[in-house]
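# Descriptive analysis of the structure
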Amino acid sequence: LNGGTGRGQADGFEIRALGLLESIKDPNGNDLRHFVLDMFFHLKPAEAGTLIYELFPCFCNVTRRLSKNAIGTEEFNKGFLVSAPGTDEVERFKGELTEAQSLCQQATAKLGASTVFGKTMPVMLEQAKTSIEELAKLVDEASNHLSQ
């Protein structure tokens with residue numbers, strides 16, 4: 001990056017710099033992102049296929065709409081169908097789990113621990129607890145990563 005300048009030979013760049021790439025265009029009007037992705041797809045087709053496969057759920061989660069603003073001008077809008085859970089949602093899940101565990105204990109006390117319910121529900125709730133703990137860890141990691 002920046003070869004031949006005082007800031008040359010950089011090993012990387014800030015991720016927010018990617019937004020500036022749309023201002024660098026070739027004679028056909030394609031921006032630098034087009035060139036970079038074209039090279040990637042031609043030089044590393046297997047890795048490019050993996051990237052598309054892994055990003056596919058993200059692509060499916062984006063809506064694109066052409067709408068008119070207050071003065072009647074058409075605008076292109078993007079949005080998300082589903083957002084990733086945050087700390088508030090994780091805490092709500094934990095609260096719901098605690099309530100479910102309490103109800104399970106009450107039901108097991110009345111029905112008996114040897115019933116199908118008494119044998120399976122505590123195991124399922126323990127699996128839910130593990131999943132919620134893993135989700136909380138992922139949300140924390142994502143939050144820490146994004147705040148850097």
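Here goes a summary of the coordinates provided. Remember, predicted model here, so these are calculated numbers, not experimental data. (Residues numbered from 1 in each chain as written. Predicted model: local features only at pLDDT ≥ 70, side-chain atom pairs only at ≥ 80, totals over all residues. Heavy atoms only, no water.)

Turning our attention to the pattern of salt bridges. A side chain with one charge may pair with a side chain of the opposite charge, provided their charged atoms come close. According to the stated counting rule, one finds three salt bridges in the structure shown. One salt bridge connects D31 with R33, and the closest N-O pair in it is separated by 2.6 Å. For R33, a relative accessible area of 37% translates into the label partly exposed. With a shortest N-O distance of 3.5 Å, K94 and E91 are connected by a salt bridge. Of this pair, K94 and E91 both sit in helix α3 (residues 87-111), three residues apart, which is roughly one turn of that helix. (Salt bridge = Lys/Arg side-chain N within 4 Å of Asp/Glu carboxyl O. Buried < 20%, exposed > 50% of the residue type's maximum accessible area, 1.4 Å probe, protein only. Helix = DSSP H or I, 4+ residues; strand = E, 2+ residues; numbered from the N terminus.)

What follows concerns the side chain of T108. Along the chain, T108 turns up in helix α3. Judged by relative accessible area, T108 falls into the buried class, the value being 16%.

Across seven bridges, strand β1 (residues 62-68) lies against strand β2 (residues 74-80) in antiparallel orientation. Across the sheet, residue K68 finds its bridge partner in β2, namely E74. The loop that links β1 with its antiparallel partner β2 comprises five residues; one of these, G72, has a positive phi angle of about 90°. (Pairing = 2+ DSSP bridges.)

Across the interface, helix α1 (residues 32-43) lies against helix α2 (residues 45-60) with an axial gap of 5 Å and an inter-helix angle of 115°. Facing F40, F41, H42 and L43 of α1, the residues of α2 in contact are P45, E47, A48, L51 and I52. Here the residues of the contact of α1 with α2 are counted per class, giving seven nonpolar, one polar and one charged. (Axes fitted to C-alpha atoms, helices over the stretch in contact; angles between N-to-C directions. Contact = heavy atoms within 4.5 Å. Nonpolar A, V, L, I, M, F, W, Y, C, P; charged D, E, K, R; others polar.)

Right, let's talk about the environment of A48 for a bit. By the secondary structure assignment, A48 is in helix α2. Spatially, the C-alpha atoms of A48 and L37 are 8.7 Å apart, while their sequence positions differ by 11 residues. Among residues more than four places away in sequence, those in contact with A48 are F40 and F41.

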